[in-house]
Amino acid sequence: MSMLSSFLFISAGLFCIGLFIVLSKRNAIQVLIGIELMINAAILNLVAFGKYDKLMNSGQIFALFAIVLAAAAVAVALAIVLNVYRQYKTIDPNKVERLKD
Amino acid sequence: MSINQVLFYVMGFTALASALVVAASKNLVRSVFMFFVTLFALAGLYVFALADFVAVTQVVIYVGGVLVLMLFAFMLSGKDTLNNLQQRGSKFITLHNFSAFLAAVLFLIVLVNAILKAEPEKLNWIQLSVQEGQTQTDNLGNIGVNLMTRYLLPLEIISIVLMMALIGAVHLSRKEEHKA
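Procedures and definitions
Residues numbered from 1 in each chain as written. Chains lettered and ligands numbered in written order. Predicted model: local features only at pLDDT ≥ 70, side-chain atom pairs only at ≥ 80, totals over all residues. Helix = DSSP H or I, 4+ residues; strand = E, 2+ residues; numbered from the N terminus. Buried ≥ 20, exposed ≤ 12 C-beta atoms within 10 Å, placed from the backbone. Contact = placed C-beta atoms within 7 Å. Nonpolar A, V, L, I, M, F, W, Y, C, P; charged D, E, K, R; others polar. Core = buried A, V, L, I, M, F, W, Y, C linked by C-beta atoms within 7 Å. Expected span 1.5 Å × (residues − 1).

Visitor: Quick rundown of the overall build of chain B? Include the residues and the values.
Guide: For chain B, the count of helices and strands is 8 helices and 0 strands. Each helix and strand of chain B, ordered N terminal to C terminal, gives the series α-α-α-α-α-α-α-α. Sorting the 180 residues of chain B into buried and exposed places 19% on the buried side. Nonlocal contacts in chain B, meaning residues at least 24 apart in sequence, comprise 50% of its contacts between residues at least 6 apart.

Visitor: Can you lay out the environment of Ser129(B) for me, pointing to particular residues and giving the numbers?
Guide: With respect to the helices, strands and loops of the structure, Ser129(B) is situated in helix H6 (residues 124-132). Those residues in contact with Ser129(B) that sit more than four places away from it in its chain are Tyr52(A) and Lys54(A).

Visitor: Give a description of the interface of chain B and chain A that names residues and reports values.
Guide: Frequently, the measure chosen for interface size is the accessible area removed from exposure when the parts meet. Every contact between the two is made by 67 residues of chain B and, on the other side, 59 residues of chain A. Contributing elements (two or more residues each) for the side of chain B that touches chain A: helix H1 (3-24), helix H2 (28-48), helix H3 (52-76), helix H4 (79-87), helix H5 (95-118), H6, helix H7 (139-148) and helix H8 (152-173) of chain B. The element best represented in the side of chain B that touches chain A is H3(B), accounting for 12 residues. Considering only residue class, the side of chain B that touches chain A consists of 49 nonpolar, 16 polar and 2 charged.

Visitor: Please give an account of the environment of Val76(A) that cites residues and values.
Guide: Inspection of the secondary structure assignment puts Val76(A) in helix H3 (residues 58-88). For Val76(A), a count of 17 C-beta atoms within 10 Å translates into the label partly exposed. Along the chain, Val76(A) and Thr90(A) lie 14 residues apart, while their C-alpha atoms are 18 Å from each other. Sequence-distant contacts of Val76(A), defined by excluding residues within four places in its chain, comprise Ala165(B), Gly168(B) and Ala169(B).

Visitor: Let's hear about the nonpolar core: which residues, and what values?
Guide: With 67 residues, the main nonpolar core has Ile29(A), Leu44(A), Val47(A), Leu45(B) and Tyr46(B) as its most contacted residues. Mapped onto this core, the elements with two or more residues apiece are helix H1 (3-24), helix H2 (28-50) and H3 of chain A together with H1, H2, H3 and H8 of chain B. No other element matches the 14 residues that H2(A) contributes to this core. Each residue touching Tyr46(B), except ones within four places of it in the same chain, is listed here: Val47(A), Ala51(B), Val54(B), Ala55(B) and Gln58(B).

Visitor: Kindly report on H5(B), identifying the contributing residues and their values.
Guide: All names here are of chain B. Over its 24 residues, H5 extends 35 Å from the first C-alpha to the last, a length consistent with the 34 Å expected when each residue adds 1.5 Å. Of all 24 residues that make up H5, 2 are buried, and the element is exposed over most of its length. Glu-119 lies just past H5 and shows a positive phi near 50°.

Given below as structure tokens:
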């Protein structure tokens, strides 16, 4: 098995673990961790293919963009989680049903 | 098997195993710290894909920024919530998350099949690149030049998005003085 397919298999595994976490956890922060795992699996794919693009480095550059966007998403999502906690006194996504009281 | 390959598989195994621990762990703070291990192992894997700069960025942004933010949100979101969540569910696969487990496993089968069928080594441009061999050594300089020429527009757009997101986060998390 070559290096490239190993990268792809590892990222497939990470993506599925992230999917499991997103679907099964009852805590908004853990759901966020699952989303981050899925994003990281995607970044691993970008980087693994970017190894063979030596002229333009498009894989690595878009991996950088994806990392920055994920960081911005985490900042906003955690601000929302804190607000939700202040409003509902819980961060279980199943229990947050009303948009406004 | 060379030392390179051994290290590669150790890193890959660490990433997958620590991600599994994140999924299985009952203790929420411990799962955040295992996520830390996953991110470090992934940074090591990026080095094997000749992406040193991405690896360093991963360590700086994820480990330095995102994880600290997550722990911060954890500490702010109340002690009783954490205790309540920890007591529920003693097994890894319960009735509640069996469907999630099933979906994840089936999706894994689909992905593995797709990778096996696609045979990424036999793609045209990858074989060309392998034949050419390692010509470029100045990887980092190349990234910088490309960021400032070919990918200038995405870079600027992303900087604006980042600024908007950070201002939005500050606005969302500030204390409200006038509560309705």
